[in-house]
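# Geometric and topological summary
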Amino acid sequence: MDLNTRMQNVAVVGAAGKMGSGIALLLALELAYRALEDRQATFVLSLIDMNDAGLQGLLRYVRDQARKDGERQMNRLRALYKDRRDLVENAEMVDEFVAEVMLHVRTGKTLALAKDALLVFEAAFEKEEIKFQIYNELAVLCPPSAWFLTNTSSIPLHVLTDHCGIQGRMIGFHFYNPPAVQKLVELIPPEGCDPDLVAASEELALVLRKKTVPARDIAGFIGNGHFMRDGLHCIREMEHLAEDYGFVQAVYMVEKVSRDWLLRPMGMFQLIDYVGIDVFQLILRVMDKYLKEGLHSDLVDAFLEMGVKGGQTSSGAQKDGFLRYEKGRPVGIFDPAIRDYVPMDAAFTADLDGRLGPHPDPSLTWKGLSRDAGREEKLRAYFKALKGLDSLGAGMARNHVEDSREVALDLVRQGVAARAEDVNAVLTLGFFHLYGPVNDYLD
């Protein structure tokens, strides 16, 4: 059975979540284009979620994004609708395309919708018991020929396949957030995975304009294997600094260094908030269950007990977590001692920036360098300057770079990644870092 045949009946489980909705959109668009190119075939996309409001929001999201995609793909639409004399204006073709996308989509709360699916994408909440329940039911409902592509970012796949009796039929197809934008898919074939499923997954990723990076079936894989340990490094650094400077001051300094001094798009605490502090804790627990490395943070547990969770709204805006946000920008830091946010006013930031010391090159920012053709040369000059500085901020930055590199090399030594280049690819493509952690900038 070829990929096109399998694409004629696809299901997404957990479709209304932030990852599921992006996966649903990519598939809805792809199925619509295939349907327009092959009018004899029937294409069905079943979007399954337990949340009615979420499913309604998902339909609005798919419809709105389909319109934007149609407007961007006018030449393609004109070719596909060349025999439709009733469609003349661009707006008419876009309207027709949006209707075509929605024609193939059906939604519901029951897994029975997936019973005829030949490809099942799963993006349910990152909890083993939830995924066990889903796959136990799908194993009975779906045809024996059905393949399962899980978006799990941490749970070893062999645990799911062995528990649910679907050995050989599952692969890790791990999108990054947001799936419609991010170019990376981490591809994780567990032992015994059907080679045809691996080949079809690579073909599908290419169709969806994604770049695959292979990872071994070890808890956390490459992306979270690095992110969780990187996050714990920052939390430990913050807790050490807090002894001398205070909690909120330490959070600010680590956030500042991990963003501006390492030239990353977000500081570590904003990134944890973006993912969700609760999700961060869940992934740590899964990884530690299987790896036994003591991957745990009392601070994360304490924040969740106080109801501070971070995460994103349905529109993608950040919720308050370690930091408070206004118009997408951090404006305060949560102080657990008073259970409230302390504003980051000018006096507060100026004092702490002074304690960190001068930035190696204030003209360089992640945003500016991300579009700079001469990035590599500027990065080398930047890190040479960083290496020569004697300041609190420079020391923190160097320690962070070196720890990040060591974590990446450990992933290679443990066999999670086959090559250092694969870790670098995940961090640059999936986390938008300007450079991979395995580099010689500070050598």
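Residues numbered from 1 in each chain as written. Predicted model: local features only at pLDDT ≥ 70, side-chain atom pairs only at ≥ 80, totals over all residues. Heavy atoms only, no water.

## What about the overall build of the protein chain?
The cut-off we apply is this: Strands are runs of DSSP state E lasting at least two residues, helices are runs of H or I lasting at least four, and both sets are numbered from the N terminus onward. Put simply, the radius of gyration uses C-alpha atoms, and a globule should come to 2.2 Å times the residue count raised to 0.38. Burial status follows relative accessibility: with a 1.4 Å probe on protein chains alone, a residue under 20% of its type maximum counts as buried, one over 50% as exposed, and anything between as partly exposed.
On a plain count of helices and strands, the protein chain comes out with 18 helices and 11 strands. The globule rule puts the C-alpha radius of gyration for 443 residues at 22 Å, and the 23 Å found for the protein chain is close to it. When the backbone C-alpha atoms are referred to their principal axes, the protein chain occupies close to 70 × 50 × 45 Å. Taking all 443 residues of the protein chain together, the buried fraction comes to 55%.

## Observations regarding the packing of aromatic side chains
Quick reminder of the rule: In summary, the pairing rule links any two rings of Phe, Tyr or Trp, Trp by its six-membered ring, whose centres are within 6.5 Å, and it sorts them by plane angle into stacked for under 30 degrees, edge-to-face for over 60 and tilted for everything else.
With the rule as written, the count across this model stands at 17 aromatic pairs. Between Phe227 and Phe280, the aromatic rings sit 5.5 Å apart at their centres with planes inclined by 70°, giving edge-to-face as the arrangement. You can see Phe227 sitting in helix α9 (residues 223-245) and its partner Phe280 sitting in helix α12 (residues 277-291), a full 53 residues away along the chain. Pair check on accessibility: Phe227 and Phe280 agree, each one buried.

## A short note on a negative patch on the surface
Quick reminder of the rule: Patch members must show over 30% relative accessible area and no salt bridge, and they are joined within 9 Å when carrying like charges or within 5 Å when they are nonpolar side chains of Val, Leu, Ile, Met, Phe, Trp or Tyr. Using a 1.4 Å probe, the Shrake-Rupley method yields the accessible areas, and only the shown protein chains count as cover for residues. For salt bridges, the criterion is a side-chain nitrogen of Lys or Arg within 4 Å of an Asp or Glu carboxyl oxygen. The positive count covers Lys and Arg only, the negative count covers Asp and Glu only, and His and the chain ends enter neither. Charge coordinates come from a single atom per side chain, which is NZ of Lys, CZ of Arg, CG of Asp or CD of Glu.
Side chains of Glu239, Glu243, Asp244 and Asp298 sit close together on the surface and give a patch of like negative charge. In this fold, Glu239 is placed in helix α9. Residue Glu239 is classed as partly exposed on the basis of its relative accessible area, which comes to 36%.

## Here's the deal with the nonpolar core
Stated precisely, the cut-off is as follows: Nonpolar cores are built from buried Ala, Val, Leu, Ile, Met, Phe, Trp, Tyr and Cys residues. Side-chain atoms within 4.5 Å join them into one set. In this analysis, two residues are considered to be in contact whenever any of their non-hydrogen atoms come within 4.5 Å of each other.
Ranked by internal contacts, the top residues of the largest apolar core, which has 102 residues, are Leu138, Phe148, Ile222, Trp261 and Phe383. With nine residues, helix α10 (residues 247-261) is the largest single contributor of residues to this core. When neighbours within four sequence positions are excluded, Phe148 is seen to be in contact with Val120, Tyr135, Leu138, Cys142, Ile166, Arg169, Met170 and Ile171. Counting residues in hydrophobic clusters, the runner-up holds 54 residues, among them Met7, Leu47, Met93 and Cys193.

## Things to note about the side chain of Asp301
Mapped onto the fold, Asp301 is located in helix α13 (residues 298-305). We note that Asp301 is buried and unpaired, the nearest opposite charge coming from Arg285 at a distance of 4.4 Å. Those residues in contact with Asp301 that lie beyond four places of it in its chain are Gln281, Arg285 and His296.

## Considerations on the pairing of strand β6 (residues 170-175)
For clarity, the cut-off: When DSSP locates at least two bridges between a pair of strands, those strands are taken to pair. We call a crossover right-handed when, viewed with the strands running away from us, the connection from the first strand over the helix to the second turns clockwise.
Extensive coverage of β6 is indicated by the burial of six of its six residues. Because side chains alternate across β6, one face comprises the buried residues Met170, Gly172 and His174, and the other comprises Ile171, Phe173 and Phe175, equally buried. Pairing geometry for strand β5 (residues 147-150) and β6, over three bridges, is parallel. In the strand pairing of β6, Leu149 is matched with Ile171. Read as a crossover between parallel neighbours, the route from β5 over helix α7 (residues 157-164) to β6 is right-handed. Pairing of β6 with strand β7 (residues 184-188), which is carried by four bridges, proceeds in the antiparallel orientation. The residue bridging Gly172 from the neighbouring strand is Ile188, located in β7.

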